[in-house]
Amino acid sequence: MPSDYHSADRNVLPGACHSSIRFQVAAMLGLLIGGPALAGDADKARGIVAEVCSACHGMDGNSVIPNFPKLAGRHPEYLVRELKEFVSGTRKSAVMTPIAAKLDPDDFKALGEYFGAQKPTSGQVLDQKAAASGMKLYQDGDEERGVPSCAGCHSSDGAGSKRFPRLAGQHREYLIEQMYNFRNDVRNYGAARLMREVAKRLSEDEIKAVAEYLTGL
Ligand code: HEC
Ligand code: HEC
């Protein structure tokens, strides 16, 4: 957007058109008015976050609403992948699909980097007993029932990687909801199939327990 603005500025455009482009860009990215002459991708991403994402995910990516995931500290590649899954409709979300579809895919990377660079916060454990059994399941899995250790993919501190999303500190409500989305095939594409197999082997109590543990990390 800012580069359009500047190239529009340099091109010789009829006066009326010129000011209408200026007005539209200014209205969409109010934050950037008076900003640096050539705003970089990072500034552009920050502008989009302020305008669109922050209402639900928080300006620093630490949403305070339990059903909106925290995005802070996630690996940028994971966030880009999920945005693409929302656009293609392979990951279904009545809320995120229309939002992602309106974005310019060229901005996904900068958005991923913006959220990846934010410091993630931890949640509060409310049920210590559940968290303790959740920890055991997360770290060791349950060999007899063929449940793999979650730590094996998501890492033992829950920080994740580019393939496996960060789970540490995430809202328990969101974690639980997503485990059911895997079980019910709402997330049923490439990488998500790994998770579907895992989620289908867990009981309701185990899903709650592992979410309770992860929220406190
Ligand atoms: C109206 C609230 C709302 C807004 C605004 C919003 N989101 Fe979301 N976002 C959600 C919800 C709800 C989910 C969980 C979707 C689901 O059920 O899978 C989500 C999920 C995501 C995910 C997947 C996270 C994960 O853990 O897998 C990404 C990435 C994301 N949003 C990015 C964005 C970006 C970037 C913006 C701004 C351009 C944005 N969102 C704006 C509500 C919102
Ligand atoms: C074989 C590797 C693997 C194992 C083991 C595994 N996961 Fe996952 N998990 C994944 C992958 C891959 C994704 C991302 C799927 C996608 O891209 O949509 C994921 C995503 C998730 C998500 C969604 C996160 C988000 O932000 O939307 C949750 C929650 C989750 N895993 C919990 C668990 C729990 C709890 C366990 C252990 C019981 C576990 N996982 C074990 C590979 C694994």
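All figures in this text were calculated on a predicted structure; none of them were measured in a lab. (Residues numbered from 1 in each chain as written. Chains lettered and ligands numbered in written order. Predicted model: local features only at pLDDT ≥ 70, side-chain atom pairs only at ≥ 80, totals over all residues.)

Section: the site of ligand 2
Move 1: As a matter of local geometry, ligand 2 sits amid 21 residues, with Pro148, Cys150, Cys153, Ala191 and Ala192 nearest to it.
Move 2: Among the elements that make up the shell around ligand 2, the one with the highest residue count is helix H10 (residues 192–199) (four residues).
Move 3: Residues of the shell around ligand 2, tallied by class, amount to 15 nonpolar, three polar and three charged. (Near = placed C-beta within 6 Å. Helix = DSSP H or I, 4+ residues; strand = E, 2+ residues; numbered from the N terminus. Nonpolar A, V, L, I, M, F, W, Y, C, P; charged D, E, K, R; others polar.)

Some words on helix H6 (residues 108–116)
Move 1: H6 sits mainly inside the fold: seven of its nine residues count as buried.
Move 2: All buried positions along H6 are accounted for by Phe108, Ala110, Leu111, Gly112, Tyr114, Phe115 and Gly116. (Buried ≥ 20, exposed ≤ 12 C-beta atoms within 10 Å, placed from the backbone.)

Quick look at the site of ligand 1
Move 1: Ligand 1 sits among 20 residues. The nearest are Val52, Cys53, Cys56, Pro69 and Ser93.
Move 2: Looking at the shell around ligand 1, the elements that each hand over two or more residues are helix H3 (41–57), helix H4 (76–88) and helix H5 (96–102).
Move 3: Ranked by the residues each element gives to the shell around ligand 1, the list is headed by H3, at six residues.
Move 4: When grouped by side-chain class, the residues that make up the shell around ligand 1 number 16 nonpolar, three polar and one charged.

Remarks on the environment of Glu197
Move 1: Position of Glu197 relative to the elements: it lies in helix H10.
Move 2: As a C-alpha pair, Glu197 and Arg183 span 14 residues in sequence and 7.8 Å in three-dimensional space.

A closer look at the confidence of the model for the protein
Move 1: Overall, the predicted model of the protein reaches an average pLDDT of 86, with 82% of residues at or above 70.
Move 2: Throughout residues 1–19 the model reports pLDDT below 50, and contacts reaching past four residues in sequence, or to other chains, amount to 16 contacts.
Move 3: Every residue in residues 29–38 is under pLDDT 50, and counting partners more than four places away or in other chains gives 14 contacts. (pLDDT = per-residue confidence, 0-100. Contact = placed C-beta atoms within 7 Å.)

Quick notes on the nonpolar core
Move 1: Met179, Val210, Tyr213 and Leu214 are the most contacted members of the largest nonpolar core, which totals 18 residues.
Move 2: At the level of secondary structure, the elements contributing two or more residues to this core comprise helix H7 (128–140), helix H9 (172–183), H10 and helix H11 (204–215).
Move 3: Ranked by residues supplied to this core, first place goes to H11 with six residues.
Move 4: Ignoring anything within four residues of it in the chain, the contact list for Val210 reads Gly134, Leu137, Tyr138 and Cys150.
Move 5: In terms of nonpolar packing, the next biggest core, distinct from the first, is built from 15 residues, Ala45, Ala72, Leu83 and Tyr114 among them. (Core = buried A, V, L, I, M, F, W, Y, C linked by C-beta atoms within 7 Å.)

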